[in-house]
Amino acid sequence: MTKEELMRKAIEFSVKNVAEGGGPFGAVIARDGEIVAVGTNRVVPDNDPTAHAEVSAIRAAAKALGTFDLSGCEIYTSCEPCPMCLGAIYWARLDRMYYGNNKHDAAAIGFDDAFIYEELELKPESRCLKSEVLLPDEAIRAFLDWKDKSDKVEY
């Protein structure tokens, strides 16, 4: 399939998902022009705040391919990804991203992620989400174990 055909599939899934009670977002992951996996926004139907189209597609692609490394794949998403999804796309090592709507289009219909970008610029103690360091001397144990582990799979 061409880039345009794959993007049309992502858009098609986003439109269909709205009709089925989900959010207006769809994503397709492809390798060599062939669809590997698809995802739609199922936050409300699944009561899962992480069930965004891109994350759902990444989970399905990783399962289908049997790997967490999606190098060699591309993602086509109906909208510019939110910060969570963009992070997931980087972690999945997708080669390229294509998107239809942008973050301003999303904000215009109530999906505004500007506050998250603004929060990331702040020191933790200045963020809206109150947080504090707790038991760091105990928490470091897993990191030390990982550092010393000889048979670890790096990701």
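Only a predicted model underlies this, so the values are computations on that prediction, with no experimental measurement involved.

1. Describing the sheet that holds strand E3 (residues 74–79)
Step number 1: Overall, mixed pairing links the four strands, which are arranged E2-E1-E3-E4 in an open sheet. The outermost strands of the open sheet, each flanked by one partner alone, are strand E2 (34–40) and strand E4 (96–101). When the angles between neighbouring strand axes are averaged without regard to direction, this sheet yields 15°.
Step number 2: Strand direction decides the pairing type here: strand E1 (residues 26–31) and E2, joined by six bridges, are antiparallel. Bridged to Gly26 within E2 is Thr40.
Step number 3: Packed onto the sheet, helix H3 (residues 53–65) meets E1, E2 and E3 and runs at close to 140° relative to E2.

2. Focus: helix H4 (residues 83–92)
Step number 1: Taken residue by residue, H4 has Pro83, Cys85, Ile89 and Ala92 as its buried positions.
Step number 2: Looking at the residues trailing H4, positive phi occurs at Arg93, about 65°.

3. A few points about the pairing of E3
Step number 1: The buried fraction of E3 is high, at five of six residues.
Step number 2: Sheet analysis places E1 next to E3, joined by four bridges and oriented antiparallel. The residue of E3 that forms the bridge with Ile29 is Ile75.
Step number 3: Pairing geometry for E3 and E4, over five bridges, is parallel. Each bridged residue has a counterpart across the sheet, and for Ile75 the counterpart in E4 is Met97.
Step number 4: Tracing the backbone out of E3, into H4 and back to the parallel element E4 gives a crossover that is right-handed.

Criteria and cut-off values
Counting restarts for each chain: residues are numbered from 1 in the order of the written sequence. Local features are withheld for residues below a pLDDT of 70 in this predicted model, meaning they are given only at 70 or higher, and side-chain atom pairs are given and counted only at 80 or more; totals for whole chains, interfaces and linings count all residues. Heavy atoms from the whole structure form the basis of all side-chain values; hydrogens and water molecules are not counted. Any two strands are treated as partners once DSSP identifies two or more bridges connecting them. For helices the rule is a DSSP run of H or I covering at least 4 residues; for strands it is a run of E covering at least 2, with both sets numbered from the N terminus onward. A fitted line through C-alpha atoms serves as each axis, taken over the contacting stretch for helices, and the angle formed by two N-to-C directions is quoted from 0 to 180°. Residue contacts are defined here by distance: any two heavy atoms, one from each residue, within 4.5 Å place the two residues in contact. A simple rule labels every residue: compare its accessible area, found with a 1.4 Å probe on the protein chains alone, to the largest value its type can have, and call it buried under 20%, exposed over 50%, or partly exposed in between. The crossover handedness rule: strands pointing away from the viewer, path from first strand over the helix to second strand clockwise, crossover right-handed.

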